[in-house]
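Examination of the molecular architecture
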Amino acid sequence: MTAPAEAAVFDPGAAAARATDAILRDTLHGAARGVVVDSPPGAGKSTLVVRAALELAAAGRPLMVVAQTNAQVDDLVLRLAEQNPDLPVGRLHSSDSDPYDKALDALDNVRTSAKAADLAGLGVVLSTAAKWAHVKGVEPWEHAIVDEAYQMRSDALLAVANLFQRALFVGDPGQLDPFSIVGGEQWAGLSYDPSASAVSTLLAHNPDLPQHRLPVSWRLPASAAPLVSDAFYPYTPFRSGTDHGDRTLSFGVPSDGSGPDRVIDEAAASGWGLLELPARHTPRTDPEAVRAVATVVRRLLDRGGAATSERSPDPVPLTAGRIAVGTAHRDQAAAVRAALAELGVADVTVDTANRLQGREYDVTVVLHPLSGRPDATAFHLETGRLCVLASRHRHACVVVCRAGVGELLDDYPSTEPVQLGTLVKFPDGWEANHAVLAHLAEHRVAWRP
Amino acid sequence: MPAKALDARALAALAANPGCRRRAILDGAGVNKAALASALGAPSVFGQSQFAFVRGNAFEAKVKADGGTELLRLAHEKLDRAAEPPAGAHVPDLTAQGPEGRTARTELALREATEAATAAPGAWTLLDHPMLALDVAGSPAFLEPDAVVVHPDGSWTVVEIKSFPMLDGAADPAKVGAAARQAAVYVLALERVAARLEPSPRVRHRILLVCPKDFSNLPTASAVDVRKQRAVTARQLDRLTRIEEIADTLPEGTCFSPELPAERLAAAVESVPATYAPECLSACELAFHCRDRSRAAGAVTRLGRPVRAELGALTTVEEVLAAARGEAGDPDDPTVAALRRAAALRAEALADAPVPVAAREVAPCR
Amino acid sequence: MSLIATLARLEAVSTGRAQPAATVRHRHLSARPLVFVPLTTAGEAGAPLGALVGTDRDAPKLLAVPQPRDRDLRFAFLSELADVVLPYVDGFADAVEAAERAETDPETGKRIKVEVELCADAPQLIVPSRAGIDLVRLLGRSMRFRRTAEQDPEAPFPAPPRVPLLGRWLTHFGERARVPGSSLLLATTDVLSRHWATGQSTLEDQHLGALLAWIDPPEGRLGAEAAQEAELARDADGQLLCPPAGPATDPAFDNKLLAPAIERYDRARTALAAAEDGLEADDRLGALTAAEREIRALVESRTRPTWDAVWRGLDLLRELPEGARVEERWTRDRWSFTSHRDRVLAGEPPQPRRDDAVTAANKLAVREREQARLEAQEALDDPLVMAGRRLAGEAFAGEVVDVVMAYSDSKRPSPRPLVTVRTDDGPHLGERARVYRSLGGKPQAAEFVGREDGPGGDGGETLLVLRILDKMGRGKEPEAGSVPEKGDRVCFTLFEHEPRGGAKLPDPEETPWTHGGPPGEEAVPEAADPVTEEDLL
């Protein structure tokens with residue numbers, strides 16, 4: 001197969017390296033107080049954060065790292081220790097029970113404490129935004145890294161920004177937006193709207209800060225990057241780091257001709273598969289759809305899948321740990337877990353979009369958020385939710401859905417209110433849903449057990 | 001079918017309920033829905049107070065006074081600061097015979113203004129109440145934006161003039177949203193015109209919304225990014241069932257003339273399916289009629305679209321209540337099981353109430 | 001919408017009457033509320049046309065603006081409104097009780113208790129609908145920056161005295177109304193629809209007449225038909241029998257009745273101005289007074305039905321017993337009232353047009369905390385609300401079937417009894433999840449230890465084992481009554497009962513660079529809106 005001319009010129013490795021170099025240059029040697037990095041799914045955000053942290057530490061700059069959840073903080077601590085076991089790292093934690101991952105206790109150079117004062121003098125101190133907000137009366141850090149900055153609310157940044165002099169802000173603008181449980185319309189359009197994202201406030205007040213974009217997704221295969229980029233990042237496109245044919249997914253056991261097997265083959269060949277159940281309005285935990293999801297997972301495991309990729313030209317078995325199921329609601333996840341247990345499947349991750357943010361698998365099976373629904377709420381139409389679910393895979397994504405979602409969307413037009421002065425950054429949820437649906441329709445397989 | 005100009009309300013109804021076939025065919029056929037609703041005995045309640053009307057007109061006149069000086073000043077300030085400030089405005093005469101004539105006249109004026117701008121940059125042109133055509137579900141619709149501005153660089157901007165206030169820079173988000181959806185339709189229509197020109201001028205995706213400032217009737221303006229609304233409307237228009245296809249499903253000789261006897265009229269209207277939801281009440285003249293029909297059919301949707309969320313395949317009030325009471329439905333169906341659980345919990349809570357709250361009721365739960 | 005709420009609506013459809021959505025009243029109702037039923041002029045930003053206002057349901061004060069475009073007449077309206085509202089508000093300012101508040105000592109930086117005043121009661125403003133709350137805010141915004149002749153002798157159109165003060169108070173009421181669970185300013189439709197589920201949509205519930213028709217239909221009528229009549233029925237003149245609760249008026253009223261009346265008034269005024277002698281002037285003044293009286297009568301005819309409806313709504317609400325924790329939330333309203341009273345007394349400037357970054361973030365934090373508090377308290381006060389939380393897996397109720405005494409591992413072992421609860425509910429309990437029950441009004445925490453399915457197998461009954469963690473006293477043996485006993489009915493929630501306070505935000509003068517840095521050094525008082533001939537308010 002001959003690659004198109006422009007692809008031949010595009011060297012993803014070089015493009016990504018150029019971006020990273022520029023980011024580190026601005027961070028370490030630039031004059032601006034802040035640097036903003038947009039990172040699409042799987043573009044190497046964590047790698048960048050760890051590398052920037054190590055270089056700042058190596059330069060002797062006291063560094064604080066702000067992440068949004070305890071799991072994210074622990075993950076970064078583990079990655080830092082893996083890259084440089086000798087680096088003294090502080091993990092500031094809350095005083096709740098089980099505040100951090102017990103694996104941290106095994107690391108010699110990681111000190112944990114609920115008091116910032118105990119961690120003074122360590123090269124890098126990491127914690128959540130919520131915990132940092134309680135730190136008062138300390139000398140500000142010279143540098144900070146704010147991770148998942150698009151999922152951080154403006155008011156959370158307000159609470160911690162006096163703790164540092166300069167900062168690198170990294171995040172994925174396409175994932176779930178921060179939200180508030182109460183209305184904050186009266187501040188919409190203000191540069192410092194407290195329920196807007198930290199990045200939008202930062203840029204509104206500091207429009208001249210250097211902004212970078214990681215241009216290449218190393219996770220998403222060539223089959224997925226264009227769709228995800230067009231549907232969710234229409235104004236800031238990105239590309240896949242791999243080309244068609246760089247990754248393969250094959251199965252030892254041939255298809256038995258059933259819907260699940262055919263959709264698995266479709267997804268293995270094209271990267272996408274839509275397993276379509278007959279149109280019907282169902283409760284949230286649609287038993288048929290749940291069973292279909294579980295069956296697809298069971299068959300993925302039974303058919304002896306093996307993946308090759310740029311990481312490993314030799315086939316790597318597709319194990320339970322490399323498969324994830326994504327749903328919109330917790331009760332759906334619980335129902336899928338129960339169905340999987342009945343089929344004797346263990347160790348497959350089953351979670352909601354919120355909890356799958358930032359994670360990566362070889363194959364994902366997604367229960368479409370609108371499948372079988374009689375109504376489509378703002379929750380289900382939120383672009384971030386669908387974006388997270390459609391961008392966790394390295395090889396293939398199988399979507400299980402009932403027919404009729406297109407017509408449902410037509411009945412639930414997008415009539416969002418508009419606040420003057422707010423920036424429009426992302427596509428409309430309604431439109432993005434239609435775009436994804438139209439693409440999936442080309443990979444449709446009818447459900448036949 | 002005689003074409004009818006799609007006014008702001010018809011556009012709002014289209015945006016609020018694109019999937020409703022009844023609305024589609026009536027709007028497409030240019031039927032006067034207000035007269036139809038009255039003839040059906042369920043008159044619409046849309047009326048305009050003369051105070052609002054007078055003030056709205058006075059405001060628009062003020063905005064466009066002096067050959068559009070103030071309007072162009074706002075366009076320059078809010079949208080195109082890099083351009084030469086407008087010195088004087090060119091306001092072409094757009095009068096012509098009939099909507100087709102006015103559309104052609106508008107197109108000509110747009111072409112001339114754009115060519116003039118390219119030839120000698122620096123001139124601003126204001127098109128006052130131009131007329132645009134757009135294909136909606138296979139039938140032509142005529143649209144009349146408040147104004148279109150041709151910038152010195154030859155690009156075009158839709159202007160919407162509204163009489164709700166911008167107070168301290170903020171305005172009612174629902175009204176701004178409606179204005180943005182309306183403007184998005186105009187943007188699409190302008191893009192069709194632009195596509196016929198060589199080179200194609202740019203239609204700007206930030207429109208100019210002009211409103212009274214604070215408590216005055218001095219104009220102020222805000223740029224509104226309508227990319228989202230444009231993308232949504234474009235897809236909605238793509239997905240609309242063609243009106244001829246709907247018409248083909250109608251019995252031979254179906255007619256919606258308000259002069260028909262109410263019974264025949266009702267039957268004609270009934271022959272096209274509607275998708276009623278309470279949102280229609282603020283967007284469609286026929287909503288009260290459709291609400292009555294929805295009630296008579298016992299549809300749960302008339303209580304609001306979100307009501308259906310947990311009801312699965314159950315769509316009528318009696319079906320749901322029967323399932324909740326245990327009189328119907330498969331207990332293994334999760335919807336039915338959840339309904340029974342909810343009914344049991346509700347009954348238990350009402351029995352636990354500090355004082356018998358059901359005293360006023362006839363029978364809370366049979 | 002939760003399935004329980006949906007069922008209530010469907011039952012309302014089926015029975016023809018609204019069904020309870022609450023078993024107790026979740027909002028405080030003052031013994032002496034001030035009811036305010038305003039009307040505005042169409043097409044103009046909150047230009048008042050008239051109002052009924054007062055605390056006596058039988059004697060409302062009627063205010064009317066015979067020519068809404070006349071600035072002097074509008075000022076007269078606002079001035080009269082101030083004469084009713086401000087004495088009412090002031091009536092609550094003087095009766096105080098001693099209270100304590102935690103403050104940071106400026107010298108030591110430590111938290112200390114300070115004796116302060118807390119107003120023993122607070123004013124309560126009731127409007128018919130949510131649009132009424134918006135109008136209160138709009139009126140507040142339009143008045144608070146006005147300058148009186150005394151403040152600024154140069155002001156081109158000085159406002160009557162006390163009008164700016166009324167603006168500050170209405171602004172305060174309007175801001176407070178954004179706090180979940182607050183009751184300083186309530187919309188009747190909101191409070192009624194919180195407590196009853198009707199057989200129509202929430203959109204249609206915004207119509208006060210229709211809402212009341214469902215809750216309390218006329219003898220022998222069904223809610224649905226009574227509601228439709230309230231919405232749509234017109235007299236021979238084409239006027240609605242049940243005028244909209246405002247502040248917007250029905251266009252048919254504007255066009256057929258109001259516009260001609262205003263025209264007559266204008267003509268009479270012009271004629272009066274043109275009068276050539278005293279006798280003619282007397283005559284024409286009589287005509288003007290008659291024209292004005294006609295407009296006042298029109299305003300009264302459109303507001304009086306709403307006025308009566310608001311009071312009827314209050315009657316219905318008063319029949320419900322007040323929830324146990326409503327008083328506590330009202331105390332927060334009293335704090336809010338007291339602190340604004342203090343700001344006014346201290347001569348602080350009016351609330352700014354826009355909050356600064358820190359104020360906005362603080363307000364949002366307060367509202368989120370109050371929302372969490374409200375959700376928890378409503379559930380604890382009301383079994384029907386708790387039923388919804390149980391259905392959602394956020395709480396569970398059941399019977400204690402076993403209690404085993406156990407102790408903590410520490411040096412001084414404390415009681416950590418294991419309690420087994422049998423429940424039909426399906427709570428979403430994660431490993432070692434915390435749960436809470438209300439013990440004497442205070443939350444007692446327990447930890448989820450494990451579950452076994454009941455004898456029924458799948459679904460149905462479950463046995464949940466919990467370890468009680470606190471509120472058992474300091475001794476080795478738990479205090480009497482602090483541990484549930486076998487046979488007790490208990491209800492645990494997965495949500496906390498008292499929301500946690502967030503971290504303290506920086507002071508405004510320490511606003512960080514990410515948020516634009518500190519606001520300007522000098523505190524310039526906000527300028528009044530520039531006034532032009534065409535201004536509305």
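Residues numbered from 1 in each chain as written. Chains lettered and ligands numbered in written order. Predicted model: local features only at pLDDT ≥ 70, side-chain atom pairs only at ≥ 80, totals over all residues.

Regarding its fold elements, chain A presents 16 helices and 19 strands. Against the 2.2 N^0.38 benchmark of 22 Å for 449 residues, chain A shows a C-alpha radius of gyration of 22 Å, consistent with a compact globule. Taken along the three principal axes of its C-alpha coordinates, chain A extends 65 × 55 × 50 Å. Looking at the 449 residues of chain A, the share that counts as buried comes to 54%. (Helix = DSSP H or I, 4+ residues; strand = E, 2+ residues; numbered from the N terminus. Rg over C-alpha atoms; globule rule 2.2 N^0.38 Å. Buried ≥ 20, exposed ≤ 12 C-beta atoms within 10 Å, placed from the backbone.)

Another point: the overall build of chain C. If you tally the helices and strands in chain C, you get 12 helices and 15 strands. Oriented by its inertia axes, the alpha-carbon framework of chain C measures out at about 100 × 70 × 45 Å. Looking at chain C residue by residue over its 537 residues, the buried ones come to 44%. Across chain C, every contact between residues at least 6 apart in sequence was considered, and the portion connecting residues at least 24 apart equals 65%. (Contact = placed C-beta atoms within 7 Å.)

Another aspect to go through is the UniProt feature "domain: DNA2/NAM7 helicase-like C-terminal" (unreviewed entry) in chain A. The feature "domain: DNA2/NAM7 helicase-like C-terminal" (unreviewed entry), as given by UniProt, occupies residues 288-402 of chain A in the numbering adopted here. Helix makes up 37% of residues 288-402 of chain A and strand 28%, whereas the separation of the span's terminal C-alpha atoms amounts to 10 Å. (UniProt positions renumbered as here; feature names shortened; annotations may be inferred.)

Counting residues at the interface gives 53 residues for chain B, matched by 48 residues for chain C. Every element with two or more residues in the side of chain B that touches chain C is listed here: helix H4 (50-79), helix H11 (317-325) and helix H12 (334-352) of chain B. At 11 residues, the largest contribution of residues to the side of chain B that touches chain C is made by H12(B). When the residues that make up the side of chain B that touches chain C are grouped by side-chain class, the tally is 34 nonpolar, 9 polar and 10 charged. (Nonpolar A, V, L, I, M, F, W, Y, C, P; charged D, E, K, R; others polar.)

This part is about the nonpolar core. Of all hydrophobic cores here, the largest spans 144 residues; its most connected members are Val293(A) and Val400(A). Setting aside chain neighbours within four positions, we find Val400(A) in contact with Leu275(A), Ala289(A), Ala292(A), Val293(A), Val296(A), Val365(A), Val366(A), Leu367(A), His368(A) and Ser371(A). If you look at the next biggest cluster of nonpolar residues, it comprises 131 residues, including Leu303(B), Ala22(C), Ala230(C) and Tyr436(C). (Core = buried A, V, L, I, M, F, W, Y, C linked by C-beta atoms within 7 Å.)

Pairing between the strands of a sheet comes from backbone hydrogen bonds, and it takes one of two forms, parallel or antiparallel. Residues and elements named next belong to chain A. Reading across the sheet, the 6 strands line up as S16-S15-S17-S18-S12-S19 and stay open at both edges, with parallel pairing between neighbours. The open sheet has two edge strands with one neighbour each: strand S16 (349-352) and strand S19 (444-446). With strand direction ignored, the average angle separating the axes of adjacent strands in the sheet is 25°. Bridge count between strand S15 (residues 323-327) and strand S17 (residues 361-367): 4 bridges; the pairing is parallel. Looking across to S17, one finds that Ile323 is bridged to Val363. (Pairing = 2+ DSSP bridges. Axes fitted to C-alpha atoms, helices over the stretch in contact; angles between N-to-C directions.)

This next bit is on the domain arrangement of chain C. You can read the domains of chain C as domain 1 (17-246 + 304-345), domain 2 (354-382 + 500-537) and domain 3 (395-493). Relative to domain 3 of chain C, the C-alpha centre of domain 1 of chain C lies at a distance of 44 Å. (Domains from an automatic or database assignment.)

Here we come to the pairing of strand S8 (residues 219-225) of chain B. All names here are of chain B. Burial analysis of S8 places 5 of its 7 residues in the buried class, the great majority of the element. Of the pairings in the sheet, the one linking strand S7 (residues 206-212) to S8 comprises 7 bridges and is antiparallel in character. Across the sheet, Pro212 pairs through a bridge with Pro219, a residue of S8. Hairpin connection of S7 to S8: 6 residues between the antiparallel strands, including Asp214 at a positive phi of 45°.

Right, let's talk about the interface of chain A and chain B for a bit. Each partner contributes to the interface: chain A provides 30 residues, whereas chain B provides 36 residues. Counting residues per element, the ones that place at least two in the side of chain A that touches chain B are helix H15 (405-411) and helix H16 (429-440) of chain A. Residue composition of the side of chain A that touches chain B, by class: 11 nonpolar, 10 polar and 9 charged.

For helix H12 (residues 383-391) of chain C, the tally of buried residues reaches 9 of 9 residues, placing the bulk of the element in the interior. Of all the positions in H12(C), only Pro383(C), Leu384(C), Val385(C), Met386(C), Ala387(C), Gly388(C), Arg389(C), Arg390(C) and Leu391(C) are classed as buried. The secondary structure elements touched by the buried residues of H12(C) are H12 of chain B together with helix H1 (3-15), strand S1 (19-20), helix H11 (357-381), strand S10 (395-404) and strand S15 (489-493) of chain C.

Let's shift gears to the confidence of the model for chain C. In the predicted model, chain C carries a mean pLDDT of 91, and the fraction of residues at 70 or more is 96%. Taken together, the chains of this predicted complex give a pTM of 0.91 and an interface ipTM of 0.89. (pLDDT = per-residue confidence, 0-100.)

A separate point is the environment of Ala123(B). Residue and element names in this part refer to chain B. Structurally, Ala123 can be placed in the loop between helix H5 (98-119) and strand S2 (124-128). Owing to 19 C-beta atoms within 10 Å, Ala123 belongs among the partly exposed residues under this scheme. Sequence spacing of Ala123 and Glu244 is 121 residues, and the spatial spacing of their C-alpha atoms is 44 Å. Not counting the four nearest positions on each side in its chain, Ala123 is found in contact with His90, Ala116, Ala117 and Pro152.

Moving on to the sheet that holds strand S7 (residues 164-171) of chain A. Residues and elements named next belong to chain A. What the 8 strands build is an open sheet, ordered S4-S3-S5-S2-S6-S7-S1-S8; its pairing is parallel. The sheet terminates laterally at strand S4 (110-113) and strand S8 (211-213), the two strands that pair on one side only. When strand polarity is set aside, the average angle formed by the axes of neighbouring strands in this sheet is 20°. Note: strand S1 (residues 34-38) against S8, 3 bridges, orientation parallel. By the bridge assignment for S8, Asp38 is matched with Arg213.

Attention now moves to helix H11 (residues 330-342) of chain A. Residue and element names in this part refer to chain A. Compared with an ideal rise of 1.5 Å per residue, which puts 13 residues at 18 Å, H11 spans 18 Å between its outermost C-alpha atoms and is within 8% of the ideal. Every buried residue of H11 is accounted for by Gln332, Ala333, Ala335, Val336, Arg337, Ala339 and Leu340. Contact partners of the buried residues in H11: helix H10 (287-302), S15, S16 and S17. Residue Gly344 follows H11 closely and has a positive phi angle near 75°. (Expected span 1.5 Å × (residues − 1).)

What follows concerns the packing of helix H2 (residues 12-29) of chain A against helix H3 (residues 45-58) of chain A. Residue and element names in this part refer to chain A. Running from N to C, H2 and H3 cross one another at 40°; their axes reach a closest spacing of 11 Å. By the angle between their directions, the pair H2 and H3 is classed as oblique. Here the hand of the crossing between H2 and H3 comes out right-handed. On H3, the residues that touch Thr20, Ile23, Leu24, Thr27 and Leu28 of H2 are Leu48, Ala52, Glu55 and Leu56. Looking at the contact of H2 with H3, its residues break down into 6 nonpolar, 2 polar and 1 charged. (Parallel < 35°, antiparallel > 145°, perpendicular 65-115°, else oblique. Left-handed = near helix turned anticlockwise from the far one by under 90°.)

The next point concerns the packing of helix H2 (residues 71-90) of chain C against helix H4 (residues 163-176) of chain C. In a packed pair of helices, the relevant descriptors are the angle between the two axes and the axis-to-axis distance. Residues and elements named next belong to chain C. Close contact between H2 and H4 brings their axes to 9 Å; oriented N to C, the two are set at 60°. Here H2 lies oblique to H4, going by the angle between them. For the pair H2 and H4, the sense of crossing is left-handed. Counting all contacts with H2, which are made through Phe75, Leu78, Ser79, Leu81, Ala82, Val85, Leu86 and Val89, the residues of H4 involved are Val163, Leu165, Leu166 and Trp169. When grouped by side-chain class, the residues that make up the contact of H2 with H4 number 11 nonpolar, 1 polar and no charged.

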